[in-house]
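# Structure assessment
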Amino acid sequence: MSVDNFKTNIYEYLETLPTFTFMRLFEKPSTCLAIFRLLPSLGRQIVMSLLYVEMPMSITDLHIWVNKDGQKQLQESLLKLSRLRILEERDKILILNSTFRREFQNALTGGGMQQSFGLPCSTPDKHAVDIAFLDHYATTQWEAILHYMVGTSLTKKPSRGVLNLLERSKLMQISAETGQLQITNKGFQFLLQDVNTQVWAFLLQYLDMAEVLQMDLVEVLNFLFQLGSLELGENYSVETLTQTQLQMLEDLRDYGIVYQRKKASKRYYPTRLATTLTSGNAALAGASIKNINGHIDTTTDATSDAEQIDQGFIILETNYKLYAYTDSPLQIAVLNLFVQLQSRFKNMVTGLITRDSIRNALVKGITAEQIIYYLQSHAHVQMRKKIPILPLTVIDQIRLWEMERNRLKPTSSFLYHEFNVQADYDAAEKYARDIGVLLWSNANARTMVITEAGHESVKSFVKKRLHSKN
């Protein structure tokens, strides 16, 4: 899921860029390699087949390469290649973009003088850090953002730039009651996604903000794609970076994407969040991951860790009682959004799903389906042996509580009452009904409710009628 999500997010953004921007992007070998990785497998095969062939290829010949079952996949691949400005069709002839061809060849062969894959520092770092440190740093920085979103105060408050991005991306919004930022429906959906998708969702908002701040969009994109091609654990010089990219380093430090000992440092380290940007691999695979019993396990490999996470940690009973085998403050904070927590042990918390706890989540914009999806995706391995995974009584009740809240919807309107004469009320009611602005009426009480849009028309009608009588 993670590979598809992060590729879709970037691809949809790139598709909106003008041709001129692509021509500048293609001037960097690292960017060409990153965009190549976004292509479907058939699209990559087409590019590699044409890369060292100077003669143009007809669209008819290309169709011969693919059997009948793969024709639809071929059309989709050609469409993506076209929208990414890599391939152009002229008079039934396929033409590979010349700039892309040249710089992608340089990316594969190490040619050119671009240094777009970073410049490793030639001198040893007196304050060198290892991969374990970088993983811990990236996890700490990124989870600080997630902790803030769910309202925990276990970590330092994110920087002003991060807060602006959270609000701008609609992951959080200012509450009318408290005046503080609180998580939104979109923010809760964000928490359900894998880390790669979360990071790219953040970076895409950063790209939009970069344009507002008049930063060079091409330089921003080039640096992000460059980071995806760097080596984890290696330190790189800032000498090859532009002024825009140097400005980016400070923001990317806040996200945990790069590590820089201090702002004036002449070197930086990409973290695993950076080196997996364009690969689709687990963004924090090397970090300490809690297993199903809530214990930290750094000895197992990334695959077994992923399997443990997929097994989940939640047990939900038909009496609405919930058991979560975790000691992760972040997971507990997420559960606290829609569960009434009761007890906490060393590696487990217990709670109850109640009408009030669900309503509190609904008020924040979290939907019943999002809650159900979260419970299903984090269900314990023992729960997964059942069909359905979750108790239907609990699932149906969560949906009913949502329907109960949605029965009444506030609508801005105007109340008309205290008509002295029944005929005046009847005329006004008929006029409002005829123009379609009557929401409710009671003839005996001589009272009616008019939509906000229809208020001026009805008010004018009533005034004219009363004036004509006088």
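Refer to the structure printed above.
Residues numbered from 1 in each chain as written. Predicted model: local features only at pLDDT ≥ 70, side-chain atom pairs only at ≥ 80, totals over all residues. Heavy atoms only, no water.

### Description of the sheet that holds strand β11 (residues 314-316)
- Here we have four strands laid out as an open sheet, ordered β11-β12-β14-β13, and antiparallel in their pairing. In the strand order of this sheet, the two ends are held by β11 and β13 (340-344), each with one partner. The average undirected angle you get between the axes of adjacent strands in this sheet is 20°.
- Relative to strand β14 (residues 349-352), strand β12 (residues 321-324) is paired through four bridges, and the arrangement is antiparallel. (Pairing = 2+ DSSP bridges. Helix = DSSP H or I, 4+ residues; strand = E, 2+ residues; numbered from the N terminus. Axes fitted to C-alpha atoms, helices over the stretch in contact; angles between N-to-C directions.)

### So, the environment of Y236
- Its place among the elements puts Y236 in strand β6 (residues 236-237).
- Note on Y236: relative accessible area 5%, which makes it buried.
- The spacing of Y236 and R267 is 31 residues in sequence and 5.3 Å in space, taken between C-alpha atoms.
- Not counting residues within four places of it along the chain, the set of residues in contact with Y236 comprises F117, G118, L119, P120, C121, L230, E231, K266, R267, Y268 and P270. (Buried < 20%, exposed > 50% of the residue type's maximum accessible area, 1.4 Å probe, protein only. Contact = heavy atoms within 4.5 Å.)

### Brief notes about a nonpolar patch on the surface
- A cluster of nonpolar side chains, M48, Y52 and L108, forms an exposed patch at the surface whose accessible area comes to about 300 Å².
- Mapping Y52 onto the fold places it in the loop between α4 (41-51) and β1 (57-58). (Patch = residues over 30% accessible without salt bridge, like charges linked within 9 Å, V, L, I, M, F, W, Y side chains within 5 Å. Areas by Shrake-Rupley, 256 points an atom, 1.4 Å probe, with all protein chains shown as cover. Salt bridge = Lys/Arg side-chain N within 4 Å of Asp/Glu carboxyl O.)

### Concerning the nonpolar core
- Residues Y255 and F338 are the most contacted members of the largest nonpolar core, which totals 118 residues.
- Counting residues per element, this core draws most heavily on helix α11 (residues 195-212), which supplies nine residues.
- With sequence-adjacent residues up to four places away left out, F338 is seen in contact with F188, S357, I358, A361, I371, Y374 and L375.
- Core analysis: the second largest hydrophobic core is formed by 11 residues, Y416, Y425, M448 and V462 among them. (Core = buried A, V, L, I, M, F, W, Y, C linked by side-chain atoms within 4.5 Å.)

### Section: the pairing of β12
- Every second residue of β12 is oriented toward a common face, the buried set being L322 and A324 and the non-buried set K321 and Y323.
- Two strands pair when backbone bridges link them, and β11 and β12 are joined in this way by three bridges, in the antiparallel orientation. If you follow I315 over to β12, its bridge partner there is Y323.
- Counting the residues that bridge the hairpin from β11 to β12 gives four residues, and of these Y320 lies at a positive phi of roughly 75°.

### Some words on the pattern of salt bridges
- According to the stated counting rule, one finds 13 salt bridges in the structure shown.
- In this structure, R24 and D216 form a salt bridge, with 2.9 Å as the shortest nitrogen-oxygen distance. Note that R24 is positioned in helix α2 (residues 19-25) and D216 in the loop between α11 and α12 (217-227), a separation of 192 residues in sequence.
- The class of R24 is partly exposed, set by a relative accessible area of 29%.
- Two residues, R102 and E103, come together in a salt bridge whose shortest N-O distance is 3.1 Å.
- Overall, R102 belongs to the partly exposed group, its relative accessible area being 42%.

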